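# Secondary and tertiary structure notes
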Amino acid sequence: MNYDVLIIGAGPGGIFSAFELTKLNPELKVAVFEAGHELSKRNCPIDGEKIKSCIGCKSCSIMNGFGGAGAFSDGKYNITNDFGGTLYEYIGKKHALELMEYIDGINMRYGGEGTKLYSTAGTKFKKLCIQHGLHLLDASVRHLGTDKNYVVLENLYNELKDKLDFYFDTPVEKISLIDGGYEIHCAKGSFTCKKCIISVGRSGSKWMETVCSDLNIQTKSNRVDLGVRVELPAEVFSHLTDELYESKIVYRTQKYGDLVRTFCMNPKGAVVNENTNGIVTVNGHSYEDPAKQTENTNFALLVSKHFSEPFKDSNGYGESIARLSNMLGGGVLVQRFGDLIRGRRSTPHRMTDSFMTPTLNATAGDLSLVLPKRILDGIIEMIYALDKIAPGTANDDTLLYGVEVKFYNMEVAVDSNLECCHKGLYIIGDGSGITHSLSHASASGVYVARDIVK
Ligand SMILES: Cc1cc2nc3c(=O)[nH]c(=O)nc-3n(C[C@H](O)[C@H](O)[C@H](O)COP(=O)(O)OP(=O)(O)OC[C@H]3O[C@@H](n4cnc5c(N)ncnc54)[C@H](O)[C@@H]3O)c2cc1C
């Protein structure tokens, strides 16, 4: 065998597997294969001047490379079982929280020290939310910020680079079962290993589907989250963000009984493009360094769509809607809330007249031509509900960027070791459909590394 353990994907799941493996048993021969670039070569060409919007690079530096989708993220590590994935269903709630705290400790030792840990424990906002039909979820959140998150990744890379083999710009094409292990095939040849950890994240979702079909691994999938990213002056949410940083708030719409929730809140942050398999959607992040902060806060408002039989392709549904916005806007669309309510598109002229300065250069348009009525109605209802706890949310100039889609990888059948039906083949992180966050993906990496060493 070329390797004892071969890891596919260098996102948080893959990195923390590698970290724990090499820490617990330095004798192990470990390799990491990553489709994207090494950290220092990751660079999104959008500079806001020469290149204003996504040009569809072959390997998207936002999503791929050392650090995974999390590298330029806000670095919000939510320590909770209430959201971010269902890892606790496999390993238990207590163990899941312990692992997330363990990850937090590593992040602190590798450059994150001094960053703030926010908590919803004992907050007055819980009561305020309930009074207006909104529900604030419990969590502690470590906010590294995009800048410190990068430093932590740099330090982790320096720690690991001499202890194992990294293969960057090397997408794994195929995995086959061999006697006593696995063989992976890629442009650099074929490599064998005793154990294999697949941690390919959301960007690897299509590839993961082929692996599951080739190796007869059971999957189930039927969920996609669709919505918009809201951007408003930071003052509107400052009372919440100063205390909690990120508030995960859930609202049940009166019209349809659907759940709408806030997601990925970025105080004084920036809205960014995200390219998943060639489809441009929207996301957001913010810096810890005050010099890099903006005057706006952004967050997503998402509605989960679960489908029942016979429809199975929930991601395909989300993609079609995102494609529609790309078709109309050449990328992401932006609309003022006032224009949406008045049933008219936003125009460049109306945007310039507005009091808000957008942080993303998106095409002014009409989101009602893109998002299904039921989803848009839910988002509008929640904006009015949020306006009661954060007056100003429903102002005419509040910006809505669309579409934001959270694709869920199909959930892969794994046991309580996160091992699939083939012994020694572990499927973790967002690519397994079990986690949807930095903390849960990282925790799943440590968990399988410990199992392998044991
Ligand atoms: C802009 C943005 C902001 C975010 N902000 C936050 C946040 O603040 N907090 C939070 O909790 N979550 C956030 N997320 C989500 C978070 O980044 C993910 O949940 C997390 O990165 C998942 O980790 P992972 O290791 O499972 O997968 P990923 O981070 O997606 O890593 C998977 C890696 O596998 C590689 N890969 C894919 N296919 C192959 C293949 N065939 N061969 C080799 N390599 C392959 C990819 O290139 C990628 O680098 C954000 C995401 C984005 C895009």
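Residues numbered from 1 in each chain as written. Predicted model: local features only at pLDDT ≥ 70, side-chain atom pairs only at ≥ 80, totals over all residues.

Here the focus is the nonpolar core. The biggest cluster of nonpolar side chains holds 134 residues, and the ones touching the most others in it are Leu6, Ile379 and Tyr401. Setting aside its immediate chain neighbours within four residues, Tyr401 contacts Val228, Arg229, Glu231, Val271, Val282, Val332, Val334, Leu360 and Ala362. (Core = buried A, V, L, I, M, F, W, Y, C linked by C-beta atoms within 7 Å. Buried ≥ 20, exposed ≤ 12 C-beta atoms within 10 Å, placed from the backbone. Contact = placed C-beta atoms within 7 Å.)

Right, let's talk about the site of the ligand for a bit. Near the ligand, the surroundings consist of 46 residues, among which Gly9, Gly11, Gly68, Gly201 and Gly429 are the closest. Those elements that place two or more of their residues in the shell around the ligand are helix H1 (12–24), strand S3 (76–79), strand S15 (270–276), strand S16 (279–285) and helix H12 (438–453). Tallied by class, residues from the shell around the ligand come to 16 nonpolar, 24 polar and six charged. (Near = placed C-beta within 6 Å. Helix = DSSP H or I, 4+ residues; strand = E, 2+ residues; numbered from the N terminus. Nonpolar A, V, L, I, M, F, W, Y, C, P; charged D, E, K, R; others polar.)

Moving on, we come to the sheet that holds strand S14 (residues 259–266). Taken in spatial order, the eight strands make up an open sheet running S5-S13-S14-S17-S12-S20-S18-S19, and their pairing is mixed. Of all strands in the sheet, those bounded by a partner on one side alone are strand S5 (134–136) and strand S19 (363–364). Across the face of the sheet, helix H8 (residues 314–329) comes into contact with strand S12 (223–233), strand S17 (296–306), strand S18 (333–336), S19 and strand S20 (399–407) while running at roughly 150° to S20. Sitting on the sheet, helix H11 (residues 373–389) touches S5, S12, strand S13 (249–252), S14 and S17, and the angle it makes with S17 is about 135°. (Pairing = 2+ DSSP bridges. Axes fitted to C-alpha atoms, helices over the stretch in contact; angles between N-to-C directions.)

As a further point, take helix H7 (residues 234–244). Buried residues of H7: Ala234, Val236, Phe237, Leu240, Thr241 and Leu244, and no others. Axial view of H7: buried residues confined to an arc of 135°, hence all on one face. The outward face of H7, more than 90 degrees from its buried face, is lined by the exposed residues Glu235 and Asp242. Those residues of H7 hidden inside the fold are in contact with strand S4 (116–119), helix H4 (125–131), S12, S14 and S17. (Arc of directions from axis to C-beta.)

Turning our attention to the sheet that holds S3. Spatially, S3-S6-S4 is the arrangement adopted by the three strands of the open sheet, whose pairing is antiparallel. Pairing within the sheet leaves two strands with one partner each, and these edge strands are S3 and S4. Direction aside, the axes of adjacent strands within the sheet are offset by 20° on average. Direction of pairing for S3 relative to strand S6 (residues 140–143): antiparallel, over a ladder of four bridges. Note that in S6 the partner of Ile79 across the bridge is Ser140.

With that settled, the discussion passes to the packing of helix H3 (residues 93–112) against H12. Two numbers describe how H3 lies on H12: the axes approach to 9 Å, and their chain directions differ by 100°. Considering the angle they form, H3 stands roughly perpendicular to H12. Each of Ala96, Leu99, Met100, Tyr102 and Ile103 in H3 lies in contact with H12, whose residues at this interface are Ser439, Ser442, Ala443, Val446 and Tyr447. (Parallel < 35°, antiparallel > 145°, perpendicular 65-115°, else oblique.)

On to the environment of Ser442. As for its placement among the helices and strands, Ser442 is situated in helix H12. With 349 residues separating them in the primary sequence, Ser442 and Lys93 have C-alpha atoms 15 Å apart. The contacts of Ser442, once residues within four sequence positions are left out, are Pro12, Gly13, Phe16 and Ile103.

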